Amino acid sequence: MLHQKKILLGITGSIAAYKSALLARELQRRGAEVRVIMTPSATEFITPLTLATLTGHPVHSDFTENKDSGEWTNHVELGLWGDAFLIAPATAQTLSAMVSGTCDNFLMAVHLSSRCPVIAAPAMDLDMFQHEATQSNLKILKSRGVPIIEPESGALASGLEGKGRMAEPESIANWLENWFRSKAPLAEKKVVITAGPTHEPIDAVRFISNRSSGKMGYALATELNALGADVHLISGPVQLSAPAGVQVTRVETAIEMHTIALKSFETADIGIATAAVADYRAKSSSSVKLHRDEIPTAIQLQENPDILADWGKRKRGTQVLIGFALETDEGVESAKSKLARKNLDFIVLNSTQNEGAGFGTDTNQISIFEQNGKSHIFDLKSKKEVARDIVTILLTHLPQ
Ligand SMILES: Cc1cc2nc3c(=O)[nH]c(=O)nc-3n(C[C@H](O)[C@H](O)[C@H](O)COP(=O)(O)O)c2cc1C
């Protein structure tokens, strides 16, 4: 959730300021871009040089860059830059200044200029934290919509013990991730995606399958997870690693995928079937490897369950169902017929006639046909961009 998020990290004059260096590192490790501003008092606890080196950006604690030349740092620009302004640690003094709107240092000027949400992680001695003034300031800030990352209890720098020490960098990063997730467009939406091929055994080493690489389903799972969805990816055998934050169940056969997909769809808001599930399996298979002379020259086939059709039959209320069709001809009519037959909200068609589309490639060229008659034709794009296009249309199908 922190990938490419712009975090403005404000550091104030608490002994916990040393933890902000680790926090900056942790946020960056999780993909965030971090810029640091400090109060003059914070620079007595940790040097701007440390944070500038860690983040790769200059650290500002003053309005003027160079007093002789009159160069100044634009607090308004910085205030507009962030997706979130995280003040960690936030001293009792800074919390009070936030309440009163004081603007006596650079950080406080950015605070008043910022349009993004401001979040504070207080750090102070237990009595300072318990003081009525601090508690009242925290209450006012919360009532203004400033989330407070509660301090933890334990040994304090003063030698006392109690609640007041700043939450650990990892806990703050987790908190921030969950917070971004809760604000994301697909927060609290559960999505089940099938991906890849299935392997239908003939004997212990041979199977019937197809050329599906699973890339489209994995790209969709990544994109949906980034938008805050709780994603369950049911994957046939592919050479891809699990996308971060996505629950992956690996299966071999259509029967296995069918059982898990039906169960997962019961509680899902959205079902997406990208898997190229084998239509048929061998009627009988051997649990040991067959020798050349034992292999039948004709294999009797038996129809596999149709996962997408079964999802369509079970679809209820506001559940959204998306199917994929891969055709070797133009395929529009067959895709539209599948859309209606399987009770889908929309279908994504890709034709192998179009160069760079279909199985195995990193690109795809799709058309989308919606149940309401709308259609969209897209250019050849990376599967990541295609996933974005699909999600954009998916968002229009969700209840507002
Ligand atoms: C060694 C030392 C540690 C301090 N630790 C804290 C602290 O953890 N929390 C706090 O609210 N103030 C703490 N203070 C007091 C603040 O530094 C002081 O109130 C300062 O004015 C805060 O300014 P600022 O909020 O603009 O950074 C500490 C002071 C010293 C000398």
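**Some thoughts on the overall build of the chain**
Argument step 1. Scanning the chain from terminus to terminus reveals 13 helices and 22 strands.
Argument step 2. Computed over C-alpha atoms, the radius of gyration of the chain comes to 28 Å, more than 25% over the 21 Å expected from 2.2 N^0.38 for 400 residues, which places it beyond the range of a compact globule.
Argument step 3. Seen through its principal axes, the chain has C-alpha atoms that stretch 85 × 45 × 40 Å.
Argument step 4. With 400 residues in all, the chain has 50% of them scored as buried.
Argument step 5. Counting only contacts in the chain whose residues sit at least 6 apart along the sequence, the fraction spanning at least 24 positions is 66%.

**Re the pattern of salt bridges**
Argument step 1. Enumeration over the complete set of coordinates arrives at 16 salt bridges.
Argument step 2. Ionic pairing is found between Glu150 and Lys142, a salt bridge with its closest N-O pair at 3.6 Å.
Argument step 3. The class for Glu150 is partly exposed, based on a relative accessible area of 34%.
Argument step 4. Of the residues examined, Lys142 reaches a relative accessible area of 47% and is grouped as partly exposed.
Argument step 5. Of the charged contacts in the structure, one is a salt bridge between Lys381 and Asp389, with a shortest N-O distance of 2.8 Å.
Argument step 6. Residue Lys381 is classed as partly exposed on the basis of its relative accessible area, which comes to 23%.
Argument step 7. A network of salt bridges, in which partner residues are shared, links Glu26, Arg29, Arg30 and Glu177.

**As for the site of the ligand**
Argument step 1. Taken together, 15 residues lie near the ligand, and Gly13, Thr39, Thr91, Ala92 and Thr94 sit nearest.
Argument step 2. Contact between the ligand and Ser14: an oxygen atom at 2.8 Å from a side-chain N or O atom of the residue.
Argument step 3. Within the side chain of Thr94, one N or O atom sits 2.5 Å away from an oxygen atom of the ligand.
Argument step 4. Considering each element in turn, the shell around the ligand owes the most residues, three residues, to helix 4 (residues 92-100).
Argument step 5. In terms of residue class, the shell around the ligand is made up of six nonpolar, nine polar and no charged.

**What to know about the pairing of strand 2 (residues 33-38)**
Argument step 1. Relative to strand 2, strand 1 (residues 6-11) is paired through six bridges, and the arrangement is parallel. Pairing of Lys6 across the sheet is with Glu33, part of strand 2.
Argument step 2. Crossover handedness for the path strand 1 to helix 1 (residues 17-29) to strand 2: right-handed.

**Some points on the domain arrangement of the chain**
Argument step 1. Domain assignment breaks the chain into domain 1 (6-183) and domain 2 (190-395).
Argument step 2. The gap between the C-alpha centroids of domain 1 and domain 2 is 46 Å.

**Structural notes on helix 11 (residues 307-314)**
Argument step 1. Burial analysis of helix 11 places six of its eight residues in the buried class, which makes it a mostly covered element.
Argument step 2. For helix 11, the full list of buried residues reads Ile307, Leu308, Ala309, Asp310, Trp311 and Gly312.
Argument step 3. Contact partners of the buried residues in helix 11: strand 9 (190-195), helix 10 (254-266), strand 14 (270-273), strand 17 (320-327) and helix 12 (332-341).

**Here we look at the packing of aromatic side chains**
Argument step 1. Under the defined criterion, the tally for this structure stands at four aromatic pairs.
Argument step 2. With a centroid separation of 5.5 Å and an interplanar angle of 80°, the aromatic rings of Phe63 and Phe106 are classed as edge-to-face. Here Phe63 is found in the loop between helix 2 (48-55) and strand 3 (64-66), whereas its partner Phe106 is found in helix 5 (residues 106-113), with 43 residues between them in sequence.
Argument step 3. A relative accessible area of 1% means that Phe106 is categorised as buried.
Argument step 4. Seen in terms of ring centroids, Phe265 and Trp311 are 5.0 Å apart; in terms of plane orientation they differ by 20°. Their pairing is stacked. Linking Phe265 in helix 10 with Trp311 in helix 11, this pair joins segments that are 46 residues apart in sequence.
Argument step 5. Looking at Trp311, the relative accessible area reads 0%, which means it is buried.

**A word on the sheet that holds strand 6 (residues 118-122)**
Argument step 1. With respect to topology, four strands assemble into an open sheet ordered 2-1-5-6, the strand pairing being parallel. Two strands bound the open sheet, and with one partner strand each, they are strand 2 and strand 6. Averaged over all neighbouring strand pairs, the angle between strand axes comes to 20°, with direction disregarded.
Argument step 2. Taken together, the four bridges between strand 5 (residues 84-90) and strand 6 define a ladder with parallel strand orientation. By the bridge assignment, Leu86 is partnered in strand 6 with Ile119.
Argument step 3. Packing against the sheet, helix 8 (residues 169-183) makes contact with strand 1, strand 5 and strand 6, and its axis sits at approximately 155° to strand 5.

**A short note on the packing of helix 1 against helix 2**
Argument step 1. Where helix 1 contacts helix 2, the two axes come as close as 10 Å, and the packing angle between them is 10°. Considering their axes alone, helix 1 and helix 2 lie roughly parallel with respect to each other. Only Thr50, Leu51, Leu54 and Thr55 of helix 2 make contact with helix 1, whose side of the interface consists of Ser20, Ala21, Ala24, Arg25 and Gln28.
Argument step 2. Tallied by class, residues from the contact of helix 1 with helix 2 come to four nonpolar, four polar and one charged.

**Re a nonpolar patch on the surface**
Argument step 1. On the surface, Tyr280, Ile299 and Leu301 cluster together into a nonpolar patch covering about 270 Å² of accessible area.
Argument step 2. Tracing the sequence through the fold places Ile299 in the loop between strand 15 (280-282) and strand 16 (301-303).

Definitions and cut-offs
Residues numbered from 1 in each chain as written. Predicted model: local features only at pLDDT ≥ 70, side-chain atom pairs only at ≥ 80, totals over all residues. Heavy atoms only, no water. Helix = DSSP H or I, 4+ residues; strand = E, 2+ residues; numbered from the N terminus. Rg over C-alpha atoms; globule rule 2.2 N^0.38 Å. Buried < 20%, exposed > 50% of the residue type's maximum accessible area, 1.4 Å probe, protein only. Contact = heavy atoms within 4.5 Å. Salt bridge = Lys/Arg side-chain N within 4 Å of Asp/Glu carboxyl O. Near = heavy atom within 4 Å. Polar contact = N/O pair within 3.5 Å; in protein donor to acceptor, adjacent residues only side chain to side chain. Nonpolar A, V, L, I, M, F, W, Y, C, P; charged D, E, K, R; others polar. Pairing = 2+ DSSP bridges. Right-handed = clockwise from strand over helix to strand, strands pointing away. Domains from an automatic or database assignment. Phe/Tyr/Trp six-rings, centres within 6.5 Å; stacked < 30°, edge-to-face > 60°. Axes fitted to C-alpha atoms, helices over the stretch in contact; angles between N-to-C directions. Parallel < 35°, antiparallel > 145°, perpendicular 65-115°, else oblique. Patch = residues over 30% accessible without salt bridge, like charges linked within 9 Å, V, L, I, M, F, W, Y side chains within 5 Å. Areas by Shrake-Rupley, 256 points an atom, 1.4 Å probe, with all protein chains shown as cover.

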